[in-house]
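Structural description and commentary
Listed below, chain by chain, are the residues.
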Amino acid sequence: MKKYLLLTLLPFLYACSDSPNRGINYDEVFAKDTQGLDILTGQFSHNIDRIWGVNELLVASRKDYVKYTDSFYTRSHVSFDEGNIIIETQQDLNRLHNAIVHTLLMGSDAKGIDLFASGDVPISTRPFLLGQVVDNNGQQISNQFIAGNFATYLIQNKLQTRRLQNGNMVQFVTIPMIANHVEVRAQKYLPLVRKAALRYGIDESLILGIMQTESSFNPYAISYANAIGLMQVVPHTAGRDIFAMKGKSGQPSTRYLYDPANNIDAGVAYLWILQNQYLDGITNPTSKRFAMISAYNSGAGAVLRVFDNDKDEAIYKINQMYPEQVYRILTTAHPSSQARNYLLKVDKAQKKFRVRR
């Protein structure tokens, strides 16, 4: 029914970075970084274990919005990849009703929302899920009256129960999202994407392809390595490069990166850095695009070392190849299976957005 242990969402320790990392087995690093969860959640994960049981760990991630309320006894889970919403409680049905309403009417502004604490998110007059979910009458859920009526309908007609391993009884409802929910979310950010594409000279279909792969257009997205927001920018790596390019010192804050406009601008600025600095010298634009996509995930240094340990020699070798050869090598010979799959996913998503625009 759902993924209770989200360890398959591999931490982006090297996402958006150009660290050298010579000789590292990438998959080994990703697989063993389980300490990142404890660092990120702290007492939070202990509360979940205590109330829900050790096999019921469910936390916010890149493509999953998870929010606990009622001292952790109620929780809402939006799977932006699978397109469904599950809201469940170990308390009374009034709590479940409240959680349904607050989830359906949550806003798109993740600034100031602590996903690792118990508490309701504010109800918004511009709900983020508007257009992605409809009620039992096929009506869009735009206000508290409609959301409240739908919550009542769900509890009266769609309520389910299950028993946890610790013996506690859970009552829950499942709400499917509409078939094209991903495209609806993408449309919300299209004006910001077009603005950044024009500013930095990056193809908007590439930006959208990366956003879908990184977060499935989830503005609350976070990874165990603290990659933040729609384009999963890591503050202390890519963030520092972006600020330096803009003539700023330090790195962006979490609050800064949870602003969709800032996040998209930062992610596209980093693509510009990859294109014009770290991967400068690659002459074929298609080959460079493949290298940029792979580098956004694993770092430009890791991409170039697939071809040669010497940067200039690596670029020379890339320039001697057809783009199809570069693509095949990056999707078969990169030391990280995550990076190999990343290029496949982004390229596929980019083609979809290129066709639709």
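Residues numbered from 1 in each chain as written. Predicted model: local features only at pLDDT ≥ 70, side-chain atom pairs only at ≥ 80, totals over all residues. Heavy atoms only, no water.

Here is the rule we go by: UniProt positions are given in the numbering used here, feature names are shortened, and annotations may be inferred rather than shown by experiment.
An unreviewed UniProt entry lists the protein under the name Membrane-bound lytic murein transglycosylase C, with Rodentibacter rarus given as the organism. UniProt, in its Subcellular location (unreviewed entry) section for the protein, records the words "Cell outer membrane". According to UniProt, the comment filed for the protein under the heading Function (unreviewed entry) is "Murein-degrading enzyme. May play a role in recycling of muropeptides during cell elongation and/or cell division."

**Section: the overall build of the protein**
Rule in force here: Only DSSP runs of H or I covering at least 4 residues are called helices, and only runs of E covering at least 2 are called strands; the numbering of each starts at the N terminus. Each residue is placed in one exposure class: buried if its accessible area under a 1.4 Å probe, protein chains only, is under 20% of its type's maximum, exposed if it is over 50%, and partly exposed if it falls in between. All accessible areas in this document rest on Shrake-Rupley with a 1.4 Å probe, and a residue is counted as covered only by the protein chains that are shown.
Secondary structure summary: the protein contains 15 helices and 5 strands in total. Buried positions account for 56% of the 357 residues belonging to the protein. Here the protein has roughly 15100 Å² of accessible surface; of this, 48% comes from carbon and sulfur atoms.

**Here we look at the pattern of salt bridges**
As a reminder of what qualifies: Whenever Lys or Arg places a side-chain nitrogen within 4 Å of a carboxyl oxygen from Asp or Glu, that contact is recorded as a salt bridge.
One pass over the structure, following the stated rule, counts 15 salt bridges. Two residues, Glu 183 and Lys 352, come together in a salt bridge whose shortest N-O distance is 3.8 Å. In this pair, Glu 183 sits in helix H6 (residues 181–200) while Lys 352 sits in helix H15 (residues 337–356), placing the two residues 169 residues apart along the sequence. Arg 289 is the partner of Asp 347 in a salt bridge, and the nearest nitrogen-oxygen pair spans 3.2 Å. Separated by 58 residues along the polypeptide, Asp 347 in helix H15 and Arg 289 in helix H11 (residues 285–298) bring together distant segments of the chain. Arg 289 matches Asp 347 in its accessibility class, with the two residues each being buried.

**Structural notes on helix H8 (residues 235–245)**
The criterion, for reference: Note on contacts: a residue pair qualifies if any of its non-hydrogen atoms lie within 4.5 Å across the two residues.
Every buried residue of H8 is listed here: Pro 235, Thr 237, Ala 238, Gly 239, Ile 242 and Phe 243. On its buried face, H8 sits against helix H9 (254–257) and helix H10 (260–278). Looking one or two residues past H8, Gly 247 carries a phi angle of roughly 80°, positive in sign.

**Things to note about the pairing of strand E2 (residues 74–79)**
Applicable threshold: Two strands are counted as paired when DSSP detects at least two bridges linking them.
Counting buried positions along E2 gives 6 out of 6 residues, so the element sits mostly inside the fold. Relative to E2, strand E1 (residues 64–69) runs antiparallel, the two sharing 6 bridges. Counted as the bridge partner of Asp 64 is Ser 79 from E2. Note: E2 against strand E3 (residues 84–89), 6 bridges, orientation antiparallel. Considered in E3, the bridge of Ser 76 is made with Ile 87. Hairpin connection between E2 and E3: a loop of 4 residues separates the two successive antiparallel strands, and Gly 83 in this loop has a positive phi of roughly 75°.

**Overview of the environment of Ser 79**
The line we're drawing: For the purposes of these results, a polar contact is taken to be a pair of N or O atoms within 3.5 Å, where, inside protein, one atom must be able to donate a hydrogen and its partner to accept one; residues adjacent in sequence count only when each atom of the pair is a side-chain atom.
For Ser 79, the location among the structural elements is in strand E2. Since its relative accessible area comes to 3%, Ser 79 is described here as buried. Along the chain, Ser 79 and Lys 63 lie 16 residues apart, while their C-alpha atoms are 6.4 Å from each other. Dropping the residues within four chain positions of it, Ser 79 is found in contact with Lys 63, Asp 64, Asn 84 and Met 177. A polar atom in the side chain of Ser 79 sits 3.1 Å from the backbone nitrogen of Glu 82.

**Overview of unusual backbone geometry**
With a phi angle near 55°, Ser 71 is a residue other than glycine that sits in the positive phi range. Position of Ser 71 among the secondary structure elements: in the loop between E1 and E2.

**Some details on the packing of H10 against H11**
We count it as follows: Under this scheme, a helix contributes an axis fitted over its contacting stretch, all axes are lines through C-alpha atoms, and angles between N-to-C directions fall in the 0 to 180 degree range. Note on angle classes: values under 35 degrees are labelled roughly parallel, values over 145 roughly antiparallel, values of 65 to 115 roughly perpendicular, and the remainder oblique. Throughout, a crossing is termed right-handed when the near helix is turned clockwise from the far one, and left-handed when it is turned anticlockwise from it by less than a right angle. Three classes are used: nonpolar for Ala, Val, Leu, Ile, Met, Phe, Trp, Tyr, Cys and Pro, charged for Asp, Glu, Lys and Arg, and polar for all others, with Gly counted as polar.
Relative orientation of the contacting elements H10 and H11 amounts to 125°, with a least axis distance of 10 Å. Judged by the inter-axis angle, H10 sits oblique to H11. Crossing of H10 against H11: the hand is right-handed. Only Lys 288, Met 292, Ala 295 and Tyr 296 of H11 make contact with H10, whose side of the interface consists of Gly 267, Tyr 270, Leu 271, Leu 274 and Gln 275. In the contact of H10 with H11, the residues fall into 6 nonpolar, 2 polar and 1 charged.

**Focus: H6**
This is how the line gets drawn: A helix is expected to span 1.5 Å for every residue after the first. Bending is quantified residue by residue as the angle between axes fitted to the seven-residue window ending at that residue and the seven-residue window starting at it.
Over its 20 residues, H6 runs 28 Å from end to end, which matches the ideal 28 Å to within 8%, given 1.5 Å per residue. A bend of about 50° at Tyr 189 is the largest found in H6, and the proline Pro 191 appears one to four places after it. Every buried residue of H6 is listed here: His 181, Val 182, Val 184, Arg 185, Ala 186, Tyr 189, Leu 190, Val 193, Ala 196, Ala 197 and Tyr 200. Count one or two residues on from H6 and you reach Gly 201, which has phi positive near 70°.

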